[in-house]
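Next come the chains, spelled out residue by residue.
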Amino acid sequence: MMEGVTVRVGLLGLLLACVTTAMANKNRDWDIYSFHINSTVTSRYATTIITSRVANRMDQSQEIEFHVKIPKMAFISKFKMTIEGQTYDGVVKQKEEAQQQYTQAVSRGQSAGIVSSVGRTLEEFKTSVTVAALSKVTFELTYEELLKRRLGKYELLIHARPMQPVADFKIDVYINERPGVNFLEIKGGLSTKELANAITKTHASSEAWVHFYPSKEQQSQCDSCGEQGLNGDLVIVYDVHRNTSMGELKESKGYFVHHFAPSDLPRIPKNVVFIIDRSGSMHGRKMKQTRQALLKILVDLVEDDHFGLITFDYTVSAWKNELLPANQENLEAAKSFARHIQDRGATDINAAVLEGTAMLNRNPREGSASLLILLTDGDPTTGETNLEKIHKNVKEAIGKKFPLYCLGFGMDVNFEFLEKMALENSGVGRRIYEDSDAALQLQGFYEEVATPLLTDVQMVYVGGANLTQTNFSQYYNGSEIVVSGQITDNNIETFTAEVIAISKSNRVMYSETISTDEPIEARPDSHIQRLWAYLTVKQLLDKEVQSSGKVKEKVKKEALDLCLKYGFVTPLTSMVVTKPQGEASQVAHKPKEGEKPSGSRQDFSGSGFQFMSGEAGYPGLLFDAVEDSYSAYIMVSSPLRLLLPAEDQALPLCYDIPVALSLRLLKDPNNELSMNGQLGQSASAGYQKIVIHYKNNQHIELDTTVITFNNGQDATYFSWSLKINHKTDSVSLILRDKEVDITIGLTRIIIMLYERNGISFLWPVLRQRPTGGNIMGIVARPPVAYEEVQGTTMKLKIQDKEVEVSRDSAVDLSVRSAPTVACWLLPLQSALQGELADFTVTQL
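Residues numbered from 1 in each chain as written. Predicted model: local features only at pLDDT ≥ 70, side-chain atom pairs only at ≥ 80, totals over all residues. Heavy atoms only, no water.

Brief notes about the side chain of Glu-448
So the rule is basically this: For helices the rule is a DSSP run of H or I covering at least 4 residues; for strands it is a run of E covering at least 2, with both sets numbered from the N terminus onward. In this analysis, two residues are considered to be in contact whenever any of their non-hydrogen atoms come within 4.5 Å of each other.
Take Glu-448: it is sitting in helix H9 (residues 438–448). Other than its neighbours up to four places away in sequence, Glu-448 contacts Arg-150, Leu-151, Arg-430, Tyr-476 and Asn-477.

Considering the nonpolar core
This is how it is decided: Residues belong to a common nonpolar core when they are buried Ala, Val, Leu, Ile, Met, Phe, Trp, Tyr or Cys residues joined through side-chain atoms within 4.5 Å. Only protein chains enter the area calculation, which uses a 1.4 Å probe; residues under 20% of their type maximum are buried, those over 50% are exposed, and those in between are partly exposed.
Counting residues in each nonpolar core, the largest one holds 61 residues, and the members touching the most others are Ile-751 and Ile-778. Considering every element that reaches this core, the biggest residue donor is strand E50 (residues 747–756), with 6 residues. By size, the runner-up hydrophobic cluster in this structure holds 56 residues, among which are Met-81, Leu-141, Tyr-154 and Leu-195.

Concerning the pairing of strand E51 (residues 759–768)
Using the following cut-off: A pair of strands counts as paired when DSSP detects no fewer than two bridges linking them.
The buried count for E51 comes to 8 of 10 residues, which makes it a mostly enclosed element. As paired strands, E50 and E51 are joined by 9 bridges and run antiparallel to one another. Within the sheet, the bridge partner assigned to Arg-756 lies in E51 and is Ile-759.

A closer look at the sheet that holds strand E12 (residues 154–160)
Heads up, the rule is: Lines fitted to C-alpha atoms define the axes here, with helix axes fitted over just the stretch in contact, and angles between the N-to-C directions of these axes take values from 0 to 180 degrees.
The strand order across the open sheet built from 3 strands is E12-E17-E14, with neighbouring strands paired in antiparallel fashion. Each of the sheet's edge strands pairs with one partner strand only, and the pair in question is E12 and strand E14 (181–187). Each strand axis lies, on average, 15° off the axis of its neighbour in the sheet, ignoring direction. Looking at chain direction, E14 and strand E17 (residues 232–240) are connected through 6 bridges and run antiparallel. Among the inter-strand pairings, Glu-185 is bridged to a residue of E17, identified as Val-237.

Looking at the pairing of strand E40 (residues 653–657)
Burial analysis of E40 places 4 of its 5 residues in the buried class, which makes it a mostly covered element. As judged from the 5 bridges shared by strand E39 (residues 640–644) and E40, these two strands associate in the antiparallel manner. Its bridge partner being in E40, Leu-642 is matched across the sheet by Tyr-655. Sheet analysis places E40 next to strand E56 (residues 820–825), joined by 2 bridges and oriented parallel. Looking across to E56, one finds that Leu-653 is bridged to Trp-824.

Details of the packing of helix H4 (residues 285–300) against helix H5 (residues 328–339)
Selection criterion: Any angle between 65 and 115 degrees counts as roughly perpendicular, while under 35 counts as roughly parallel, over 145 as roughly antiparallel, and the rest as oblique. Polarity classes work like this: nonpolar for Ala, Val, Leu, Ile, Met, Phe, Trp, Tyr, Cys and Pro, charged for Asp, Glu, Lys and Arg, and polar for all others, with Gly in that last group.
H5 packs onto H4 with a crossing angle of 175° between their chain directions and a minimal axis gap of 9 Å. The angle between H4 and H5 places the two elements in the roughly antiparallel class. Packed against H4, whose contacting residues are Arg-291, Leu-294, Leu-295, Leu-298 and Val-299, the element H5 presents Leu-331, Ala-334, Lys-335, Ala-338 and Arg-339 at the interface. Of the residues contributing to the contact of H4 with H5, the split by class is 7 nonpolar, no polar and 3 charged.

Brief notes about the sheet that holds strand E31 (residues 496–503)
Pairing within the open sheet is antiparallel, and its 4 strands lie in the order E29-E27-E31-E32. Across the chains shown, the open sheet's two edge strands, defined by having one partner strand only, are strand E29 (471–476) and strand E32 (506–513). Each strand axis lies, on average, 25° off the axis of its neighbour in the sheet, ignoring direction. Sheet analysis places strand E27 (residues 452–462) next to E31, joined by 6 bridges and oriented antiparallel. Counterpart to Tyr-461 in the pairing with E31 is Ala-497.

As for the environment of Glu-647
Here Glu-647 shows up in the loop between E39 and E40. Owing to a relative accessible area of 43%, Glu-647 belongs among the partly exposed residues under this scheme. Filtering out sequence-adjacent residues up to four positions away, Glu-647 remains in contact with Pro-783, Val-784 and Ala-785.

Some thoughts on the state of the cysteines
As a reminder, the rule being used: When the sulfur atoms of two cysteines come within 2.5 Å, that pair is taken as a disulfide.
Evaluation of the coordinates by the stated rule reveals 1 disulfide. Put simply, Cys-654 and Cys-823 are joined by a disulfide, and their sulfur atoms are 2.2 Å apart. Taking the torsion about the S-S bond as the criterion, the Cys-654 to Cys-823 disulfide, at about 70°, is right-handed. Of this pair, Cys-654 sits in strand E40 while Cys-823 sits in strand E56, and the two are 169 residues apart along the sequence. Classification of Cys-823 by relative accessible area gives buried; the value is 0%.

Some thoughts on the packing of aromatic side chains
Ring pairs (aromatic) are described by centroid distance and by the angle formed between their planes. Under the convention used in this document: Centres within 6.5 Å are what make two rings of Phe, Tyr or Trp a pair, Trp counting through its six-membered ring; a difference in plane orientation under 30 degrees is then read as stacked, over 60 as edge-to-face, and the rest as tilted. As a reminder, the over-ring test applies to NZ of lysine and CZ of arginine, requiring each to be within 6 Å of the ring centre and within 35 degrees of the ring normal.
Counting across every chain of the model gives 22 aromatic pairs. Seen from their ring centres, Phe-260 and Tyr-475 are 6.1 Å apart, and the 50° between their planes marks the pair as tilted. With a gap of 215 residues between them, Phe-260 in strand E19 (residues 255–260) and Tyr-475 in strand E29 connect regions that are remote in the sequence. Note on Phe-260: relative accessible area 0%, which makes it buried. Judged by centre distance (5.5 Å) and plane angle (65°), the ring pair of Tyr-405 and Phe-445 falls under edge-to-face. Separated by 40 residues along the polypeptide, Tyr-405 in strand E25 (residues 404–409) and Phe-445 in helix H9 bring together distant segments of the chain. Residue Tyr-405 is classed as buried on the basis of its relative accessible area, which comes to 6%. On the basis of relative accessible area, Phe-445 is assigned to the buried category, the value being 2%. In textbook terms, an aromatic cluster arises when at least three aromatic residues are bridged by ring pairs, as seen for Tyr-45, Phe-75, Tyr-255, Trp-532, Tyr-534, Tyr-566 and Phe-568. Cation over ring: Lys-136 sits above Tyr-33, and NZ or CZ is 4.8 Å from the ring centre. For Lys-170, the ring lying beneath its charged end belongs to Tyr-213, and the centroid distance is 5.3 Å.

Focus on the side chain of Thr-138
By the element assignment, Thr-138 lies in strand E11 (residues 136–146). Overall, the relative accessible area of 18% leaves Thr-138 in the buried class.

Topic: unusual backbone geometry
Unusually for a residue other than glycine, Lys-400 sits at a positive phi of about 65°. Inspection of the secondary structure assignment puts Lys-400 in the loop between helix H7 (387–398) and E25. Here the phi dihedral of Asp-800 falls at roughly 70°; this positive angle occurs in a residue that is not glycine. Tracing the chain through its elements places Asp-800 in the loop between strand E53 (795–798) and strand E54 (801–804). With a relative accessible area of 70%, Asp-800 lands in the exposed category.

What to know about H5
Rules: Expected span, for any helix, means 1.5 Å times one less than how many residues it has. The arc in question is the one traced by the directions running from the helix axis out to the C-beta atoms.
Helix length check: H5, at 12 residues, gives a terminal C-alpha distance of 17 Å against a target of 16 Å (1.5 Å per residue), a fit within 8%. Those residues of H5 that fall on the buried side of the exposure criterion are Asn-330, Leu-331, Ala-334, Lys-335 and Ala-338. The buried residues of H5 occupy an angular sector of 135° when projected down its axis, which confines them to one face. The elements touched by buried residues of H5 are H4, strand E21 (306–312) and strand E23 (324–325).

What to know about the pattern of salt bridges
Note the cut-off: For salt bridges, the criterion is a side-chain nitrogen of Lys or Arg within 4 Å of an Asp or Glu carboxyl oxygen.
If you walk through the whole model with that rule in mind, you get 33 salt bridges. Between Arg-285 and Asp-648 there is a salt bridge; the shortest N-O distance is 2.7 Å. Here Asp-648 lies in the loop between E39 and E40 and Arg-285 lies in helix H4, a separation of 363 residues in the sequence. Overall, the relative accessible area of 25% leaves Arg-285 in the partly exposed class. The class for Asp-648 is partly exposed, based on a relative accessible area of 49%. The partner of Arg-641 in a salt bridge is Asp-656, with the nearest N and O atoms 2.8 Å apart. With Arg-641 in strand E39 and Asp-656 in strand E40, this residue pair connects regions lying 15 residues apart in the sequence. Connected through shared salt-bridge partners, Arg-44, Arg-149, Glu-177, Asp-239, Arg-242, Glu-248 and Glu-480 make up one network.

Now the structure itself:
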């Protein structure tokens, strides 16, 4: 086997190049000599091709990794590598079939390419290949997405961070919209100051061009640049002319797309009920940001709107029992109420949503549009806690009369539960990220639904077949309805499109046929078929979330068949990346929202740690990797890596702690509450046993087989396979889906049972921290405030002390999907702000 030095070159948003050996980085024995991104947008459907050409300058082989971040809403549709004139193509296969190939490779210690979620709007694809001495490789990735209109504009986002200046660096965007481009703007960090001169934009009638050609010097001199080149966003913002109320209807090769977005309509007064979670887990910044957003949203209500406010924890409280008009007096009173919303108690989502539904049903108004907006950060923990029953109750109560929008705050929330509840009731689920701009995220969502223009919208296509969604409960100003389908027998003569809807109290109708003046051969819109396939797959995936049993399997098969036909990498498919003979194929998976793909390998540039899963490793733990050659790895077990939240910072902290310890997880002397845990004998064992003590006589003991609750007189035993809602005067214990939710007073603890690769372990999460002083423990550490200190080595200033750190990654097991997150790795003592002995116990 050929020996080699490992160098990884990747693409972030477009390309990220990073070297894992200091010598290679110093001497630049590799070179990205050409880096092009070409994006073509027609009828709001964007096809982007990323091409990176890399040269191996060394006299020995190197393994080069291609690493690209793409929009979450996009589907990868093509990937290929060209080496010495030979092209190796990626092939899309059913996920289970591709997984078999992956498992075989991982069992031999070989790597696998992945697509994984990396933030709010991006997910990453990566693969690698060995390049011979003094040879070159060309990577080419294609992905497709339908741009969504929000607040009257479309946005195409490009994030560039090459990690070295590139001599031939180009970003080209071409927009072709038949109605005409109304306006064109360039935003983002790469469009300011020194780099503004590198951008040219033109638009004439129906076409627009954007070119970004920064020189090598410019790539090193801008505010967000440095020796490692560009680092920032380029955002192309535009909208189209809307010449008719019917919108734009286009046809090509037997397929059509209809973009419907009228704006010349009177706004419809709305009835809106805000349902706000005030449970204990909303404590701190979440509650503060929710209050800030609600205050600004109330200001934006119009006087002919009617509104209601409901807050909930283990009880449901309505500000007023009826909807009130949004006049000045009522708004001032509502703002006063909002300022005093305080977090407390458990979470009764079922009762809260049903009360909001009842409030809207009690206050019908002709010529108005009703909607519910739910904001929560957790699972239901009191009242009705069976998720299926909650879905059933809410669906029956709403009865398709108005939409329900579910906003999930943070990464701990059960997003699948919220998304399904929203989709079943004509709404959408949206994650609100727990960052400094969370209040703006909440306001931004409200602005999208603030101005209803139509209700009960029906899109009718005579002579159409295999249509995407055609019925919409409401249409909002600044948004757009898109419908696509096939034209029966490709007969344009008999094809007619109609829109029937309600505007205030009036029924409106629009109608249009497709013009045959322009010959089909002259139309450049052959992409419409792929737009139809993309939109159909997206909607089938949503339908699968709502379905069960045979219906779910039928929907899944229909979506899978389309994915395989059009080559889309989706949660149902994977891309097998073929490689030169002698190297293993790699498999790329696309995750669902908040999910880390199972069976993946995560490499962390700039450190000696690598994350392995599948048969060769264990999700959630880190291993020290020693590279023996370009395709074999020797794995050495290392300590357990823990995450520590940061205060008002994007990156959390992380640290390594030895295994086989008995740890003090929580100690609250004020409420006579403590929790201790026993780690296993190896890094892959997690916690094997956890014991919670309350007062002098109540104890909850958990291991990987049974949960024991002792109230001082009797012991009750629960199997992890059961669904339990057990309550006493002071303790609530809810068990479902191998997750136990324990509330003691104002403290809430989640303990999850993980079973992976034949190993079972427990993982505790403190969802609601007890109040008061003298609280300590591994899981009880409050968010840490730090400042970055720039210098020759990276340092953080924590409590007036500078600590040397390195940027690394860890797996967040507090979230069931176990996402990998970036973090600042710091020494154990600095993380604990004390000695390890202070956090160990002699007995549980």
